[in-house]
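Summary of structural features
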Amino acid sequence: MDASATTTLTAADLAGALERYRTDMPLVQCLTNTVVQNFTANVLLASGASPAMVDNPREAGEFARIAGGVLVNLGTPQESTVAAMRHAVEAAGAAGTPWVLDPVAVGGLSWRTEIAAELPGIAAPTVVRGNASEVAAVAGGSGGGRGTESVDTPDDVAEAAQELARRFSGAVAVSGEVDLITDGDRTVRLAHGTPLLQKVTGAGCALGALVAGFAAVSDDPLVAASTATALFTLAAEDAAAASSGSGSFAVGLVDALGALSPEALADRVRIS
Amino acid sequence: MDASATTTLTAADLAGALERYRTDMPLVQCLTNTVVQNFTANVLLASGASPAMVDNPREAGEFARIAGGVLVNLGTPQESTVAAMRHAVEAAGAAGTPWVLDPVAVGGLSWRTEIAAELPGIAAPTVVRGNASEVAAVAGGSGGGRGTESVDTPDDVAEAAQELARRFSGAVAVSGEVDLITDGDRTVRLAHGTPLLQKVTGAGCALGALVAGFAAVSDDPLVAASTATALFTLAAEDAAAASSGSGSFAVGLVDALGALSPEALADRVRIS
Amino acid sequence: MDASATTTLTAADLAGALERYRTDMPLVQCLTNTVVQNFTANVLLASGASPAMVDNPREAGEFARIAGGVLVNLGTPQESTVAAMRHAVEAAGAAGTPWVLDPVAVGGLSWRTEIAAELPGIAAPTVVRGNASEVAAVAGGSGGGRGTESVDTPDDVAEAAQELARRFSGAVAVSGEVDLITDGDRTVRLAHGTPLLQKVTGAGCALGALVAGFAAVSDDPLVAASTATALFTLAAEDAAAASSGSGSFAVGLVDALGALSPEALADRVRIS
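Rules used throughout
Each residue is numbered by its place in its chain's sequence as written, counting from 1. As a convention, the first chain written is A and the first ligand written is 1, with the rest following in written order. With pLDDT at 70 or above as the cut-off, local features in this predicted model cover only qualifying residues; side-chain atom pairs require 80 or more to be listed or tallied, and sums for whole chains, interfaces and linings still use all residues. Think of the side-chain values as coming from all heavy atoms in the structure, minus any hydrogens and water. UniProt positions are given in the numbering used here, feature names are shortened, and annotations may be inferred rather than shown by experiment. Secondary structure elements follow DSSP: runs of H or I of four or more residues count as helices, runs of E of two or more count as strands, with numbering from the N terminus. Any two residues having at least one pair of non-hydrogen atoms within 4.5 Å are treated as being in contact. For this analysis, a ring pair means two rings from Phe, Tyr or Trp (six-membered ring only for Trp) whose centres lie within 6.5 Å, classed as stacked if their planes differ by under 30 degrees, edge-to-face if by over 60, and tilted for the remaining angles. Only protein chains enter the accessibility calculation, which uses a 1.4 Å probe. A residue is then buried if its area is under 20% of the maximum for its type, exposed if over 50%, and partly exposed in between. Distance and angle both matter: a charge sits over a ring if NZ of Lys or CZ of Arg is within 6 Å of the ring centre and within 35 degrees of the ring normal. All copies are superposed by least squares; the fitting set is the C-alpha atoms of residues with a pLDDT of at least 70 in both. Here a strand pair is declared whenever DSSP counts at least two bridges between the two strands. Here, axes are lines fitted to C-alpha atoms. For helices the fit covers the stretch in contact, and angles between N-to-C directions go from 0 to 180 degrees. In this description, buried area is defined as the sum, over both parts, of the accessible area (probe of 1.4 Å) that is lost when the two are combined. Salt bridges are identified by distance alone: a Lys or Arg side-chain nitrogen within 4 Å of an Asp or Glu carboxyl oxygen. Here a polar contact is recorded for every N or O atom pair within 3.5 Å, except that within protein the pair must consist of a potential hydrogen donor and a potential acceptor, and residues adjacent in sequence are included only if both atoms are side-chain atoms.

Within an unreviewed UniProt entry, the label attached to chain A reads Hydroxyethylthiazole kinase, and the organism entered is Epidermidibacterium keratini. Recorded in UniProt for chain A, the comment headed Cofactor (unreviewed entry) runs: "Mg(2+)".

The following block contains the structure:
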């Protein structure tokens, strides 16, 4: 597998997924960190999905059976929410619900690195979304880094991402200046976005939730991860153009997510 | 009791409650879900109240004795916060502190449905605020629904709401396109607001907190719930007129809550 | 020690600290309340730091060893996060990592008052930041108050703050209309800011996080606390001038934190 492998994805594939998303309004269960729950829920609502943050051990599995997609984000694990993640992943696997793993700071911190290794053993994630360090760590590479920042670029870990995608029979989305999304067979690069995304907490986490939403309306994990990434980064470009800093950018990003149509996405996205 | 029963509430009753609220700055204890804590606190502050999110088992009862009103919202229950809710409700009952139950997704998920049945047995809630499905579930009806969305309208559950209000000797506020508020004897309908409220996470949850604040300054639960609803939905109309999407709407809603005077509320509110 | 003791701090000291902060982008670990995690992280990012909310018992100590500064905020303690705080403070003490104590509502609530007494016994905080009531309570005075509000002014507790700073060989920052910062030897007063800061939840909490960030780039706790306070309150003045209420003010504050240069800070700050 060559990291420069061309893709067969088209802008029309992404626009079609966004159309289904807006029609179906997928129910997205988020077991995510407490820092970004609010922003994530508002991003999902603006984009057209329906969020539900059911993250306690007694109800997480119950809900994963009726959710359209499940996000598991390891940003602020606690005993109770990790127990809930186990139940949600198990129920998602049993029900055929797609689930997304966002391995925040995995590789850099010990407990969450164990959890990220354990959960895919319960049921393989449909998509893994993270920065280059996190993806490398999940794939078994060096990883590390300080907090949620990455020291590598997505292309540095392209082969590890492709191998990981094949291992899980899913897709892997590596966020960076140029986003790389692969299912092990096809590899997509998207160069949209703005440096302001690095200045808003939970931008990557919210993208992970969008991926879970698109996985609910598309059987192709590569399409799901690519559409979420394109929608999020194109909306970010719109918001950046109208912002006065990272505060107004975050607000404008939510506005822009609701305003971006499938037609505009198809027209503007550049897939390479 | 007829669901179309007329009300004796006047705009002056609501304006009077808002005047007292602005003067007294009631202290509102919120045991609420982690998704909406920040937005709820900012809504309370903007409206003129003083929020305190004391939700641990060791301090929740202690604080409920000095709070003006207590909100219990079941959006993201965990063992520790549910234990805190029990202490807070018990202390509120003992101290005569009004408390509001917001039964998020009750009827649709098992554990919180049990909690919503248990807490009123400790002390009757002053107000129950939810959507039609949630109110029906608390009342013992079918309920259900997916996540925090409601499949019914408030008027579909008017009789159940009235019966529930009588059972608790309090009020029940059912949120929807036309909000319905009842104390079992009098029933008020308010048709203010905007569809954008459905696109901001925690709009209903923040309204529940406002109800707890108004219950601190009004002995009449119907007045408390109606004033909170009128203030929130009229401010939402102002914010919607100036917004570019759900992100800027949420920000503008907080601004508008602080700007709306008792006089403007009295002038604009339409009670039916 | 006289509460009116003059300071030897200059505007250039503060500008120098901000320059180092912008260059070093300190990694700030926040064990803070769930209400303000998102706002705090965005404030840190906008100001130029790198936030990491690692607050579970299994990883908090591990992370405190690599963090540049640690914030411990007692706003919403739970058993698990308090256990994490103990580990983080112990690791910070062992590694020489500066840590900041924000004793939210200490003096008014029992459990957190015990925690605020216990943690400095593990390792002395570099800075204590709170309102007058909270600082008085940590110092052993009367304290109390309702929730996060203070009934006293910073100058009312100047001597207690000075004694506390000497006890910990650190600094104490008392927030109020006129902020007072002391290391027991030198005492600084800053009169910037806006009443709108009282209308945004977590304004003080976010300031505590900034103090931890500046403590990572300055060996002088008085400089760290003063620079954080000056940056935050000057940015607040900019945001207030352009806001329409507390919602847009909070957004503008984040924008303004990113826009304020060391030169502008030096030019505008008035130290007395």
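What follows covers the environment of Leu265(C). Residue and element names in this part refer to chain C. Residue placement: Leu265 occurs in helix H11 (residues 262-268). Separated by 52 residues in the primary sequence, Leu265 and Gly213 place their C-alpha atoms 17 Å from one another. Once you skip the residues sitting within four places of it in the chain, Leu265 turns out to touch Leu14, Ala15, Leu18, Thr227, Ala230, Leu231, Leu234 and Leu260.

On to the packing of aromatic side chains. Taken as a whole and assessed by the stated rule, the structure comprises three aromatic pairs over all chains. Between Tyr21(A) and Phe214(A) the ring centres are 3.9 Å apart and the planes differ by 10°, which places this aromatic pair in the stacked class. Taken as a pair, Tyr21(A) in helix H1 (residues 11-24) and Phe214(A) in helix H8 (residues 203-215) lie far apart in primary sequence, 193 residues in all. When sorted by exposure, Tyr21(A) lands in the same class as Phe214(A), which is buried. The ring centre of Phe168(B) lies 5.8 Å from the NZ or CZ of Arg167(B), which sits over that ring.

Moving on: the relation of the copies chain B and chain A. Of the two same-sequence chains, chain B is brought onto chain A (RMSD 0.0 Å, axial shift 0.0 Å) by a rotation of 120°. In short, the pair behaves as if placed about a three-fold rotation axis. Relative to the rotation axis, the C-alpha of Thr34(B) is the closest in chain B, positioned 3.8 Å from it. Taken as a fraction of all interface residues of chain B, those also at the interface in chain A reach only 7%, which identifies the copy contact as different-surface.

What follows deals with the sheet that holds strand E7 (residues 179-182) of chain A. All names here are of chain A. If you trace the eight strands from one edge of the open sheet to the other, you get E2-E1-E3-E4-E5-E6-E7-E8, paired in mixed fashion. Strands with a single pairing partner mark the edges of an open sheet, and in this sheet they are strand E2 (50-52) and strand E8 (187-190). With strand direction ignored, the average angle separating the axes of adjacent strands in the sheet is 20°. Relative to E2, strand E1 (residues 27-31) runs parallel, the two sharing three bridges. In the strand pairing of E2, Gln29 is matched with Ala52. Contacting strand E4 (99-102), strand E5 (127-131) and strand E6 (171-175), helix H6 (residues 132-139) crosses the sheet at an angle of about 130° to E5.

The feature "binding site: substrate" (unreviewed entry), as annotated in UniProt, sits at Met53(A) and Gly202(A) in this numbering. Apart from the residues within four sequence positions on either side, Met53(A) is in contact with Cys30(A), Gln37(A), Thr40(A), Ala41(A), Val35(B), Gly75(B) and Thr76(B). Counting through the fold element by element, Gly202(A) comes out in the loop between E8 and H8. By relative accessible area, which is 10% here, Gly202(A) ends up buried. Excluding anything up to four places from it in sequence, Gly202(A) contacts Val36(A) and Phe39(A).

One non-glycine residue, Ala105(B), lies in the positive phi region at around 60°. Its place among the elements puts Ala105(B) in the loop between strand E4 (99-102) and helix H5 (110-122). In this structure, Met25(C) is a non-glycine residue whose phi angle is positive, near 45°. Structurally, Met25(C) can be placed in the loop between helix H1 (11-24) and strand E1 (27-31).

As a further point, take the interface of chain B and chain A. Facing 27 residues of chain B, the contacting portion of chain A comprises 25 residues. Together, the buried faces of chain B and chain A total about 2100 Å²; carbon and sulfur atoms form 48% of this surface. The tally of links from chain B across to chain A stands at two salt bridges. Between Glu59(A) and Arg112(B) there is a salt bridge; the shortest N-O distance is 2.6 Å. One can count 16 residue pairs in polar contact (both at pLDDT 80 or more) joining chain B with chain A. Those elements that provide at least two residues to the side of chain B that touches chain A are H5 and helix H10 (246-259) of chain B. Top contributing element to the side of chain B that touches chain A by residue count: H10(B), with four residues.

All names here are of chain B. As summarised here, the arrangement of the eight strands in space is E2-E1-E3-E4-E5-E6-E7-E8, forming an open sheet in which the pairing is mixed. Every other strand in the sheet has two partners, leaving strand E2 (50-52) and strand E8 (187-190) as the edge strands with one partner each. Here the strands of the sheet are splayed against their neighbours by 20° on average, with no regard to which way each runs. Of the strand pairs in this sheet, strand E3 (residues 69-73) and E4 are connected by four bridges, and their pairing is parallel. Residue pairing for E4: Val70 is matched across the bridge by Trp99. Its contacts with the sheet place helix H6 (residues 132-139) against E4, strand E5 (127-131) and strand E6 (171-175), and it is angled at close to 130° to E5. Here helix H8 (residues 203-215) sits on the sheet in contact with strand E1 (27-31), E3, E4, E5 and E6, set at roughly 155° to E3.

This next bit is on the pairing of E6(A). Residues and elements named next belong to chain A. Burial of E6 is extensive: four of the five residues sit out of reach of the surface. Of the pairings in the sheet, the one linking E5 to E6 comprises five bridges and is parallel in character. The partner of Asn131 across the bridge, within E6, is Ser175. The pairing of E6 with E7 spans three bridges and is classified as antiparallel. Residue pairing across strands places Val174 opposite Leu180, the latter belonging to E7. Joining the antiparallel neighbours E6 and E7 is a turn of three residues.

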